[in-house]
Amino acid sequence: MTPVRIAPSLLAADFGHLAEQVAKVEPHVEWLHLDVMDGHFVPNISFGMPVIASLRPESDLYFDCHLMITNPAAYLDDLAEAGANLVTVHIEAVPDPTATAEKARGLGLDFGLVINPATPLRAVTPFLELCDVLVVMSVEPGFGGQSFMTEALPKLMAAREFVESNGLSVDIQVDGGITTETAPKARAAGANVFVAGTAIFGASDPAAAADDLRRAIEEI
Ligand code: DX5
Ligand code: ZN
């Protein structure tokens, strides 16, 4: 089984105390998921490079930047400069991501693709060999706190099957509505990276919530 990685989503944190919030979870998780939204690709606006750059000296976590933006290639230099480790780009925004992936790699960034609930897996399979991560959205992107869409489960299964049968080394991330109830199902279907906003930063004790999530996943 692929190693489990927990990626709390900063979107659900208290924006008045970001560094403190990250410090609380840091010893309990592997990644920090940073949802960048432009108000165009998705209806919401979150934060961008200055927030990522300000957090960089505060944390050694792997910064996983989920770009819900229309023209991600235009921002890769600034994201690398801000201290991103991974950028993930929506296939709906960039139907042929070859050049974007090359640009990211040239900047020393890891690269991944994201698929929305309505997008079939076959939209990304031709490009998976360019990827370190595939993100399967289990909610519509743009907002935290939504319920997990069970339609993501067969897609995760098909993604895991594709990755294994093609001998690819691609992490499979699930993003949206992850809780101690839904994470084990996503794990059984093949996910190994679990984004959780509300379930971690929305909890009264985010560190304990991250531990609970890992325990639920590892119990399966
Ligand atoms: C949604 C974002 C998610 C979001 C998850 O557009 O991509 O990363 O923060 O939030 P929860 O865990 O609350 O569903
Ligand atoms: Zn996200």
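Structural data are supplied above this passage.
This text gives an overview of the structure that appears in the document. (Residues numbered from 1 in each chain as written. Chains lettered and ligands numbered in written order. Predicted model: local features only at pLDDT ≥ 70, side-chain atom pairs only at ≥ 80, totals over all residues. Heavy atoms only, no water.)

**Section: the sheet that holds strand β4 (residues 86-90)**
Argument step 1. Taken in spatial order, the eight strands of this open sheet run β1-β8-β7-β6-β5-β4-β3-β2, and their pairing is parallel. Since the sheet does not close on itself, it has two edges, and those belong to β1 (5-8) and β2 (31-37), each with one partner. This sheet shows a mean twist of 25 degrees between the axes of neighbouring strands, independent of strand direction.
Argument step 2. Its contacts with the sheet put helix α4 (residues 98-106) on β4 and β5 (110-115), and the angle it makes with β5 is roughly 145 degrees. (Pairing = 2+ DSSP bridges. Helix = DSSP H or I, 4+ residues; strand = E, 2+ residues; numbered from the N terminus. Axes fitted to C-alpha atoms, helices over the stretch in contact; angles between N-to-C directions. Contact = heavy atoms within 4.5 Å.)

**Examining the coordination of the zinc ion (ligand 2)**
Argument step 1. Of the protein atoms, only His-33 (NE2), Asp-35 (OD), His-66 (ND1) and Asp-175 (OD) coordinate the zinc ion (ligand 2), at distances of 2.0 to 2.2 Å.
Argument step 2. For the zinc ion (ligand 2), the six donor atoms in the first shell make angles of 71 to 172 degrees at the metal, a pattern classed as octahedral.
Argument step 3. What makes His-33 buried here is its relative accessible area of 0%.
Argument step 4. Since its relative accessible area comes to 0%, His-66 is described here as buried. (Donors = N, O, S within 2.8 Å, 3.2 Å for Na, K, Ca; no water. Tetrahedral: all angles 85-135°; square planar, octahedral: opposite > 155°, others 65-115°. Buried < 20%, exposed > 50% of the residue type's maximum accessible area, 1.4 Å probe, protein only.)

**Thoughts on the side chain of Arg-187**
Argument step 1. Relative to the assigned elements, Arg-187 resides in helix α6 (residues 182-189).
Argument step 2. Here Arg-187 is buried and forms no salt bridge, its nearest opposite-charge partner Glu-218 lying at an N-O distance of 7.0 Å.
Argument step 3. Look past the residues within four positions of Arg-187 in its chain and what remains in contact with it is Met-1, Thr-2, Val-4, Asn-192, Phe-194, Ile-217 and Ile-220. (Lys, Arg positive; Asp, Glu negative; His and termini not counted. Salt bridge = Lys/Arg side-chain N within 4 Å of Asp/Glu carboxyl O.)

**Focus on helix α1 (residues 18-25)**
Argument step 1. Three or more residues of α1 are buried, namely Leu-18, Gln-21, Val-22 and Val-25. Buried residues in α1, looked at end-on, bunch into an arc of 95 degrees, giving them a common side.
Argument step 2. Those residues of α1 that are buried are in contact with β1, β2, α2 (49-55), α7 (198-201) and α8 (206-218). (Arc of directions from axis to C-beta.)

**Quick notes on the packing of α6 against α8**
Argument step 1. Where α6 contacts α8, the axes come no closer than 8 Å and their chain directions differ by 45 degrees. What the angle tells us is that α6 and α8 run oblique. Our pair here, α6 against α8, has a crossing hand that is right-handed. Where α6 approaches α8, its residues Ala-183, Pro-184 and Arg-187 are matched on the opposing element by Leu-213, Ala-216 and Ile-217. (Parallel < 35°, antiparallel > 145°, perpendicular 65-115°, else oblique. Left-handed = near helix turned anticlockwise from the far one by under 90°.)

**Some remarks on the packing of aromatic side chains**
Argument step 1. Tallied over the full model, the rule gives two aromatic pairs.
Argument step 2. Each ring, one from Trp-31 and one from Tyr-62, has its centre 4.7 Å from the other, and the planes form 45 degrees; the classification is tilted. Here Trp-31, found in strand β2, pairs with Tyr-62, found in strand β3 (residues 62-68); they are 31 residues apart in sequence, far enough to count as distant.
Argument step 3. The ring centre of Phe-63 lies 3.6 Å from the NZ or CZ of Arg-56, which sits over that ring. (Phe/Tyr/Trp six-rings, centres within 6.5 Å; stacked < 30°, edge-to-face > 60°. Lys NZ or Arg CZ within 6 Å of the ring centre and 35° of its normal.)

**What about the pattern of salt bridges?**
Argument step 1. Applying the stated criterion to the full structure yields six salt bridges.
Argument step 2. In this structure, Asp-132 and Arg-105 form a salt bridge, with 3.0 Å as the shortest nitrogen-oxygen distance. Within this pair, whereas Asp-132 is found in the loop between β5 and β6 (133-137), its partner Arg-105 is found in helix α4, the two being separated by 27 residues in sequence.
Argument step 3. A salt bridge links Glu-164 to Arg-160; its shortest N-O distance comes to 3.0 Å. Linking Glu-164 with Arg-160, this pair stays in helix α5 (residues 152-165), spanning four residues, or about one helical turn.
Argument step 4. By relative accessible area, Arg-160 is classed as buried at 11%.

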